[in-house]
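# Notes for the structure review
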Amino acid sequence: GPATVRAMCGRFTSTAPPDQIAAYFDAEAPEAALDPSYNVAPTNDIYTVVVEADTRRLVPTHWGLVPFWAKDPKIGSKMINARAETLLEKNAYKSAFRKKRCIIPVDGFYEWAVVPGEKRKQPYYLYRADGEPLAFAGLWATWRPKDAEGETIEDEGLRSCTIITTSANDTIAPIHDRMPVVLPPDAWEPWLDPTVDDMDLLQSFLVPAPNELITMHKVSTEVNSVRNKGAELVEPLPQ
């Protein structure tokens, strides 16, 4: 039944060098680069665009939101996606939606469609028709460990994030009922600005992308294994 469909964005590709991604988003590049991957999976480190101290920066971030109040960072693996419709109802996302919004830049992402009469699902690769990066809407948080007395240990902490999803547009609906929120360039500045707290404005960005923005093709089930990371994963299946 529908409950077995992956109701999430759980894999994507990120292969561009960080200085190129940073330039696209008019952000400062990070000191260290992450390995390019055609099969980024939850709990991997990924790039996020954030504004801190009035500066837009590209920073490596753990994928899977760990709220500051979490007892254990493992909780993050359950929080790789946040539903746009319930952001303000969930403790894990409420404060981040107010103050810690980010953009997650990706080349493209995978979704799995149910194949009628079959147990296996058919993976698809989805990407912008014009080849530009997708700017996923996300939230971020910093978690710090506590000592035996329950006092916070002031170290660098774990910076983590989640991807916001909304209902699928007409292009994607035939294969999947959800899609990541894709922010158009004119939304980037208010979305990233931690001083913006107009909830109506912010929620107005959390809508399905225009139907013509994203195109897709079937790919092999090699992508199912997170061990596979190479460029062959996005190759279209022979018709």
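Preceding this section is the structure that the text describes.
Reading guide: rules and limits
Residues numbered from 1 in each chain as written. Predicted model: local features only at pLDDT ≥ 70, side-chain atom pairs only at ≥ 80, totals over all residues. Heavy atoms only, no water. Helix = DSSP H or I, 4+ residues; strand = E, 2+ residues; numbered from the N terminus. Rg over C-alpha atoms; globule rule 2.2 N^0.38 Å. Buried < 20%, exposed > 50% of the residue type's maximum accessible area, 1.4 Å probe, protein only. Contact = heavy atoms within 4.5 Å. Areas by Shrake-Rupley, 256 points an atom, 1.4 Å probe, with all protein chains shown as cover. Lys, Arg positive; Asp, Glu negative; His and termini not counted. Charge placed at Lys NZ, Arg CZ, Asp CG, Glu CD. Core = buried A, V, L, I, M, F, W, Y, C linked by side-chain atoms within 4.5 Å. Arc of directions from axis to C-beta. Pairing = 2+ DSSP bridges. Phe/Tyr/Trp six-rings, centres within 6.5 Å; stacked < 30°, edge-to-face > 60°. Lys NZ or Arg CZ within 6 Å of the ring centre and 35° of its normal.

### Regarding the overall build of the chain
Of regular secondary structure, the chain possesses 4 helices and 12 strands. For the chain, the C-alpha radius of gyration of 18 Å lies close to 18 Å, the compact-globule estimate for 239 residues. The principal-axis extent of the C-alpha atoms belonging to the chain is close to 60 × 40 × 35 Å. For the chain, buried positions account for 46% of its 239 residues. A fraction of 68% describes how many contacts in the chain between residues 6 or more apart in sequence connect residues 24 or more apart. Taken as a whole, the chain presents about 12200 Å² of accessible surface, with 52% of it coming from carbon and sulfur. Taking the 25 positively charged and 34 negatively charged side chains of the chain as two groups, their mean positions are separated by 9 Å.

### Observations concerning the nonpolar core
Counting 34 residues, the largest nonpolar core has Ile103, Ile164, Leu183, Trp191 and Leu206 as the members making the most contacts within it. Elements that contribute at least two residues to this core include exactly α1 (18-24), β3 (45-52), α2 (91-99), β9 (134-143), α3 (185-192) and α4 (199-204). When sequence neighbours within four positions are dropped, the list of residues in contact with Ile103 reads Phe25, Tyr47, Thr48, Val49, Ala135, Phe136, Leu183, Trp188, Trp191 and Leu192. By size, the runner-up hydrophobic cluster in this structure holds 27 residues, among which are Cys102, Phe136, Cys161 and Ile163.

### Structural notes on α2
Regarding α2, the residues found buried are Ala92, Tyr93, Ala96 and Phe97. Here the buried residues of α2 occupy an arc of 105° about the axis, which is enough to place them on one side. Exposed side of α2, more than 90 degrees from the buried face: Asn91 and Lys99 are the residues found there. Buried residues belonging to α2 abut β5 (81-83), β6 (101-106), β9, β10 (158-167), α3 and α4.

### Here we look at the pairing of strand β4 (residues 55-63)
Relative to β4, β3 is paired through 8 bridges, and the arrangement is antiparallel. Across the sheet, residue Val51 finds its bridge partner in β4, namely Arg56. In textbook terms, the turn of a hairpin is the stretch between consecutive antiparallel strands, and for β3 and β4 this stretch comprises 2 residues, one of which, Ala53, has a positive phi near 50°. Bridge count for β4 against β10 is 2 bridges, and the pairing is parallel. Counted as the bridge partner of Trp63 is Cys161 from β10.

### Quick look at the packing of aromatic side chains
Each aromatic ring pair is described using two quantities: the centre-to-centre distance and the angle formed by the ring planes. Per the counting criterion, the structure on display carries 9 aromatic pairs. With a centroid separation of 5.5 Å and 75° between ring planes, the pair formed by Phe109 and Phe136 is classed as edge-to-face. Taken together, the positions of Phe109 in strand β7 (residues 108-114) and Phe136 in strand β9 put the pair 27 residues apart, joining distant regions of the chain. The exposure class assigned to Phe109 is buried, which follows from its relative accessible area of 0%. The exposure class assigned to Phe136 is buried, which follows from its relative accessible area of 0%. The rings of Tyr110, Trp112, Tyr125 and Tyr127 are connected pair by pair, giving a single aromatic cluster. The ring of Trp140 has Lys100 sitting right over it, with the charged end atom 4.6 Å from the ring centre. When the ring centre of Trp191 is taken as origin, the NZ or CZ atom of Arg101, which lies over that ring, is 5.7 Å away.

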